[in-house]
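As a plain string of letters, each chain reads:
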Amino acid sequence: ADMERLVERLEKAVERLETVCQGSGMCGDASAKGVAQYVQAFDALLAGPVAEYIRISKEVGGDVQKHAEMVHAGLVSERALLVVASQHQQPAENAFSELLKPISEQIQAVQNFREKNRGSKLFNHLSAVSESIPALGWVAMAPKPGPYVKEMTDAAMFYTNRILKEYKDVDKKQVDWVKAYLSIWTELQAYIKEYHTTGLTWSKTGPVATGGAKAAPAPPAGVAPPPPGPPPPPAPVSSSTDDSASRSALFAQINRGEGITSGLRHVSDDMKTHKNPALKNQGGPVRSGPKPFTAPKPACNANPSPKAPPLLELEGKKWRVENQENATNLVISDTELKQVAYVFKCTNSTLQIKGKINSITLDNCKKLGLVFDDVVGIVEIINSRDVKVQVMGKVPTISINKTDGCHVYLSKSSLDCEIVSAKSSEMNVLIPTEGGDFTEFPVPEQFKTVWNGQKLVTTVTEIAG
């Protein structure tokens, strides 16, 4: 019954989009002109991998099911855009940005859902989806939309690997969920390679598409749409940026269209000092030339959103330490072996964890010092900057991912620790000496790969100088 209601809602959303398109003369009559081959191929993607992902997500239930409904809505929005492209010629940039809005808003909704549910037991599932959902933006990418989707898929792998590690021998359904979700993006890459190799394919005939479609598919019941916020300041957005917020800014930037110059102020001739020397003497220091233009600050600075409250609490078996600033005496002492610690968005603080616990994760932290006794699993450092970690007892593995500036102080009993790093820089491991001091060793960041006739051989590059 739930799945039938979901399908019914999505069908109504498509009908609303098509009605708006037809009302503005954009979409035409699909039934009269027939459905383009690449739209049919996309329908096959929806009926295959996407349907399987929705089915398994329903079995998993909870937040995963809600997230899947939102992902499906985003794919339906993309299908509507493909219909428009198949029947119309490519529009101007500002009109195209209007057509992209439903997809952009759905990407934001998916990512906001994850941020609002950081305490979820299925947070790794939500993170895998949130990190990769910007792949829907391939329609705005040229000339290489396929590699962009691959990059977004890789961003999800960190979290899907954690799911596989946790449920591999425990719950086959969770493993099937990972396979079903990743297969969507794998099949999408193949689809793009066949029909849209260098970018979204537009019709060579028919009218030029206009930006009349402003309706987006309704979000699933029970999920509030993301609140409208001020547009970000103009900034180049790279598809290789690491954090998801920057990737999402791609659509926010596109959506501004011609409005991107709305913050500029017209300067008439009577306001220019080089044409009116008398203006230089009307108070204030004399300058040698006109003052360079300074872009107005974004509106969000005038009314900043309230900061999330600091948090240090035990939720089930998870210690949550979040939004701490300038806190130099954070201590977790009442620990048990089955507990984990999740440290999120802590700045200029120190945290000590006493006793033995299962694992520790530092996420989006800056200038944080962590001291702990024993960890039986793994210590993970993700999306952080300038962190220092000191091991007093033992830890088998330390993972450093997307982090700039990380110092790891090992104890004598933890010298056999494995340190795994990726997309990180300025990493140093400090080894204790007999005199009680530490000797610092940098972790390699540059490698050399050669073909030996049978396989690729990678070695650390020694940098001279």
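Just so it is clear, the model here is predicted, and its values are computed rather than measured.

The rules behind these values
- Residues numbered from 1 in each chain as written.
- Predicted model: local features only at pLDDT ≥ 70, side-chain atom pairs only at ≥ 80, totals over all residues.
- Heavy atoms only, no water.
- Helix = DSSP H or I, 4+ residues; strand = E, 2+ residues; numbered from the N terminus.
- Buried < 20%, exposed > 50% of the residue type's maximum accessible area, 1.4 Å probe, protein only.
- Contact = heavy atoms within 4.5 Å.
- Areas by Shrake-Rupley, 256 points an atom, 1.4 Å probe, with all protein chains shown as cover.
- Disulfide = S-S within 2.5 Å.
- Expected span 1.5 Å × (residues − 1).
- Bend = angle between axes of the 7 residues up to and from the residue.
- Patch = residues over 30% accessible without salt bridge, like charges linked within 9 Å, V, L, I, M, F, W, Y side chains within 5 Å.
- Salt bridge = Lys/Arg side-chain N within 4 Å of Asp/Glu carboxyl O.
- Lys, Arg positive; Asp, Glu negative; His and termini not counted.
- Charge placed at Lys NZ, Arg CZ, Asp CG, Glu CD.
- Core = buried A, V, L, I, M, F, W, Y, C linked by side-chain atoms within 4.5 Å.
- Pairing = 2+ DSSP bridges.
- Axes fitted to C-alpha atoms, helices over the stretch in contact; angles between N-to-C directions.
- pLDDT = per-residue confidence, 0-100.
- Phe/Tyr/Trp six-rings, centres within 6.5 Å; stacked < 30°, edge-to-face > 60°.
- Parallel < 35°, antiparallel > 145°, perpendicular 65-115°, else oblique.
- Nonpolar A, V, L, I, M, F, W, Y, C, P; charged D, E, K, R; others polar.

Right, let's talk about the overall build of the protein chain for a bit. Helix and strand counts for the protein chain come out as nine helices and 16 strands. Put simply, the protein chain has 465 residues, and 42% of those count as buried. Contacts in the protein chain between residues far apart in sequence, at least 24 positions, make up 44% of those at least 6 positions apart. For the protein chain, the accessible surface area stands at approximately 24700 Å², while carbon and sulfur atoms represent 53% of it.

A separate point is the state of the cysteines. Inspection of every chain in the model, using the stated rule, returns zero disulfides. With no disulfide of its own, C365 has C346 as its nearest cysteine by sulfur position, at a separation of 4.9 Å. Looking at C365, the relative accessible area reads 2%, which means it is buried.

This part is about unusual backbone geometry. Each neighbour pair has its own omega, and for A142 with P143 the value is 10 degrees, a cis peptide bond. Locating P143 in the fold gives a position in the loop between α6 (123-132) and α7 (145-167). Positive phi, normally seen in glycine, also occurs at E426, with a value near 55 degrees. Inspection of the secondary structure puts E426 in strand β13 (residues 425-432).

Further remarks concern α7. Given a rise of 1.5 Å per residue, 23 residues ought to cover 33 Å, and the 33 Å separating the end C-alpha atoms of α7 matches this to within 8%. The sharpest bend along α7 reaches about 35 degrees and sits at M157.

Taken together, the side chains of D386, D404, E426 and E445 make up a negatively charged region of the molecular surface. Inspection of the secondary structure puts D404 in strand β11 (residues 404-409). In this structure D404 comes out as partly exposed when scored by relative accessible area, which is 38%.

On to the nonpolar core. Counting 56 residues, the largest nonpolar core has Y53, W138, W177, W185, L188, Y191 and L200 as the members making the most contacts within it. Of all elements in the fold, only α3 (37-60), α4 (62-87), α5 (93-116), α6, α7 and α8 (172-195) reach the threshold of two or more residues within this core. For this core, the leading source of residues is α3, giving 11 residues. The contact partners of L200, leaving out residues within four places of it in the chain, are L81, L82, A85, F96, W138 and V139.

Strand order in the open sheet formed by seven strands is β3-β5-β7-β9-β11-β13-β14, with mixed pairing between adjacent strands. Looking along the sheet, the strands with just one partner apiece sit at the ends: β3 (330-332) and β14 (438-442). Here the strands of the sheet are splayed against their neighbours by 15 degrees on average, with no regard to which way each runs.

The subject of this paragraph is the confidence of the model for the protein chain. When pLDDT is averaged across the protein chain, the result is 80; 71% of the residues are at 70 or more. A low-confidence stretch, residues 20-33 (pLDDT under 50), is modelled with 27 contacts involving residues beyond four sequence positions or located in other chains.

Under the criterion given, the structure shown has 14 salt bridges. For K101, the salt bridge identified is with E98, shortest N-O distance 3.3 Å. Residue K101 and its partner E98 are located together in helix α5, separated by three residues, close to a single helical turn. Taking the relative accessible area as the measure of exposure, K101 reaches 27% and is therefore partly exposed. Shared partners join several salt bridges into a network, and the residues in it are R114, E115, R118, E131 and D363.

With that settled, the discussion passes to the environment of K173. Looking at the element boundaries, K173 is found in helix α8. Assessed through its relative accessible area of 29%, K173 is described here as partly exposed. As for K173 and E59, which are separated by 114 residues in sequence, their C-alpha atoms are 8.1 Å apart. In contact with K173, not counting residues within four places along its chain, are I56, E59 and V60.

Time to look at the packing of aromatic side chains. Scanning the entire structure with this criterion turns up 12 aromatic pairs. Centroid distance Y53 to W177: 6.1 Å. Interplanar angle 55 degrees. Geometry classified as tilted. A residue pair is termed long-range when its members are at least 10 positions apart, and Y53 in helix α3 and W177 in helix α8 qualify at 124 residues. The residues Y53 and W177 share a single accessibility class, namely buried. Centroid distance F158 to Y159: 5.1 Å. Interplanar angle 90 degrees. Geometry classified as edge-to-face.

Once that is clear, we can look at the sheet that holds strand β4 (residues 340-344). What the seven strands build is an open sheet, ordered β1-β2-β4-β6-β8-β10-β12; its pairing is mixed. Edge positions in the sheet fall to β1 (311-315) and β12 (418-422), since each has one partner strand and no second. Adjacent strand axes in the sheet meet at a mean angle of 10 degrees, parallel and antiparallel pairs treated alike. Two elements, strand β6 (residues 359-363) and strand β8 (residues 378-382), share four bridges in a ladder whose sense is parallel. Bridge pairing in β8 links L362 to I381. Contacts between α7 and the sheet are confined to β6, β8 and β10 (397-401), with β8 contributing the most and set at about 160 degrees to the helix.

Interaxial distance between α7 and α8 falls to 10 Å at its minimum, and their mutual angle equals 170 degrees. On the basis of the axis angle, α7 is roughly antiparallel to α8. Note on element contacts: α8 touches α7 through Q174, V175, W177, V178, L182, W185, L188, Q189 and I192, opposite P145, G146, V149, K150, T153, M157, T160, I163, L164 and Y167. Tallied by class, the residues present in the contact of α7 with α8 amount to 13 nonpolar, five polar and one charged.

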